[in-house]
Amino acid sequence: MELLPQKISKAIFLCATMVSNGQRPFDILKEELGSAQDLLSKYLIYGNGADKAPTGFMLEKQQMKALYFNKSPAKDVALAMVSMRPIPLGPIMEKLSLTPEKYGATRRYYIQTLEDHSLSPDAQEKLVRENPPEGVYKIKGSDHCPFFSKPQSLHKTMLEIAQKP
């Protein structure tokens, strides 16, 4: 959005860290983690060697299921688990420089997932309050992966946003 705002007619943030200028996605996640931050340290990956900074993290399957797929059908969770890869730290640790002329000119919409255990509904509410988008939609009964837990509701919501003039 910052690099090519003229190419983006609408941005949809789906239970995502919709950050403000000067903020890192990790800042939002850190608030969510709280005391679990120490727990997460055991899942860090040191792709450049143990003496270098961590490059990513990978949760155990049970934790991923509890955080991301708490309302998703078992067959979808099984398929997703095969595709899961470590989460790189670089992109979430970078402080973003966002301008009103570019990032601010893009129409933003936020879709909240109300049964999300990864980015809680309270955290999503705070993101929307601190960086108000043009529209906010809520999907009841959805976990962090509404494309599995509530695909019809997600489809309907995205169509509604797409059809806005």
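Presented here is an overview of the structure given in this document. Since this is a predicted model, take the numbers as computed values, not measurements.

1. Description of the overall build of the protein chain
Here is step 1 of the chain: On a plain count of helices and strands, the protein chain comes out with 8 helices and 6 strands.
Here is step 2 of the chain: Traced from its N-terminal end to its C-terminal end, the protein chain shows the element sequence β-α-α-β-β-α-α-β-α-β-α-β-α-α.
Here is step 3 of the chain: In terms of overall size, the protein chain behaves like a compact globule, its C-alpha atoms giving a radius of gyration of 17 Å where 165 residues would be expected to give roughly 15 Å.
Here is step 4 of the chain: Buried positions account for 36% of the 165 residues belonging to the protein chain.
Here is step 5 of the chain: Per element, the accessible surface of the protein chain, about 9,800 Å² overall, is 57% carbon and sulfur.
Here is step 6 of the chain: When the 22 positive and 18 negative side-chain charges of the protein chain are each reduced to one mean point, those points stand 5 Å apart.

2. Considerations on the sheet that holds strand β3 (residues 56-57)
Here is step 1 of the chain: Within the open sheet, the 3 strands sit side by side as β2-β3-β4. Their pairing is antiparallel. Either end of the sheet is taken by a strand with one partner, and the two such strands are β2 (44-45) and β4 (87-88).
Here is step 2 of the chain: Across 2 bridges, the pairing between β3 and β4 is antiparallel. For Phe-57, the partnering residue across the bridge sits in β4 and is Ile-87.

3. Some remarks on the sheet that holds strand β5 (residues 107-113)
Here is step 1 of the chain: Strand order in the open sheet formed by 3 strands is β1-β5-β6, with parallel pairing between adjacent strands. Looking at strand neighbours, the two that pair on one side only are β1 (10-14) and β6 (135-139), the edges of this open sheet. Neighbour-to-neighbour, the strand axes of this sheet turn through a mean angle of 20°, independent of strand direction.
Here is step 2 of the chain: In terms of strand pairing, β5 meets β6 through 5 bridges, oriented parallel. Along β6, the bridge assignment pairs Tyr-109 with Gly-135.
Here is step 3 of the chain: Across the sheet, helix α6 (residues 121-130) touches β5 and β6, and the angle it forms with β5 is around 165°.

4. Here we look at unusual backbone geometry
Here is step 1 of the chain: Here Cys-15, not a glycine, exhibits a phi torsion of approximately 40°, which is positive.
Here is step 2 of the chain: With respect to the helices, strands and loops of the structure, Cys-15 is situated in the loop between β1 and α1 (25-33).

5. Overview of the pattern of salt bridges
Here is step 1 of the chain: Under the definition given, this model contains 6 salt bridges.
Here is step 2 of the chain: Where Lys-52 meets Asp-51, a salt bridge forms, and the shortest distance between an N and an O atom there is 3.8 Å.
Here is step 3 of the chain: Classification of Lys-52 by relative accessible area gives partly exposed; the value is 47%.
Here is step 4 of the chain: Among the salt bridges present, the one from Arg-107 reaches Glu-134, with a minimum N-O distance of 2.8 Å. Taken together, the residues span a long stretch of sequence, with Arg-107 in strand β5 and Glu-134 in the loop between α6 and β6 at a distance of 27 residues.
Here is step 5 of the chain: With a relative accessible area of 24%, Arg-107 lands in the partly exposed category.

6. Observations concerning the pairing of β6
Remark: a regular strand shows side chains that alternate across the two faces of the sheet.
Here is step 1 of the chain: Burial along β6 is one-sided: the residues Gly-135, Tyr-137 and Ile-139 are buried and none of Val-136 and Lys-138 is.
Here is step 2 of the chain: Regarding the hand of the β-α-β motif, the stretch spanning β5, α6 and β6 is right-handed.

Rules used in this analysis
- Residues numbered from 1 in each chain as written.
- Predicted model: local features only at pLDDT ≥ 70, side-chain atom pairs only at ≥ 80, totals over all residues.
- Heavy atoms only, no water.
- Helix = DSSP H or I, 4+ residues; strand = E, 2+ residues; numbered from the N terminus.
- Rg over C-alpha atoms; globule rule 2.2 N^0.38 Å.
- Buried < 20%, exposed > 50% of the residue type's maximum accessible area, 1.4 Å probe, protein only.
- Areas by Shrake-Rupley, 256 points an atom, 1.4 Å probe, with all protein chains shown as cover.
- Lys, Arg positive; Asp, Glu negative; His and termini not counted.
- Charge placed at Lys NZ, Arg CZ, Asp CG, Glu CD.
- Pairing = 2+ DSSP bridges.
- Axes fitted to C-alpha atoms, helices over the stretch in contact; angles between N-to-C directions.
- Contact = heavy atoms within 4.5 Å.
- Salt bridge = Lys/Arg side-chain N within 4 Å of Asp/Glu carboxyl O.
- Right-handed = clockwise from strand over helix to strand, strands pointing away.

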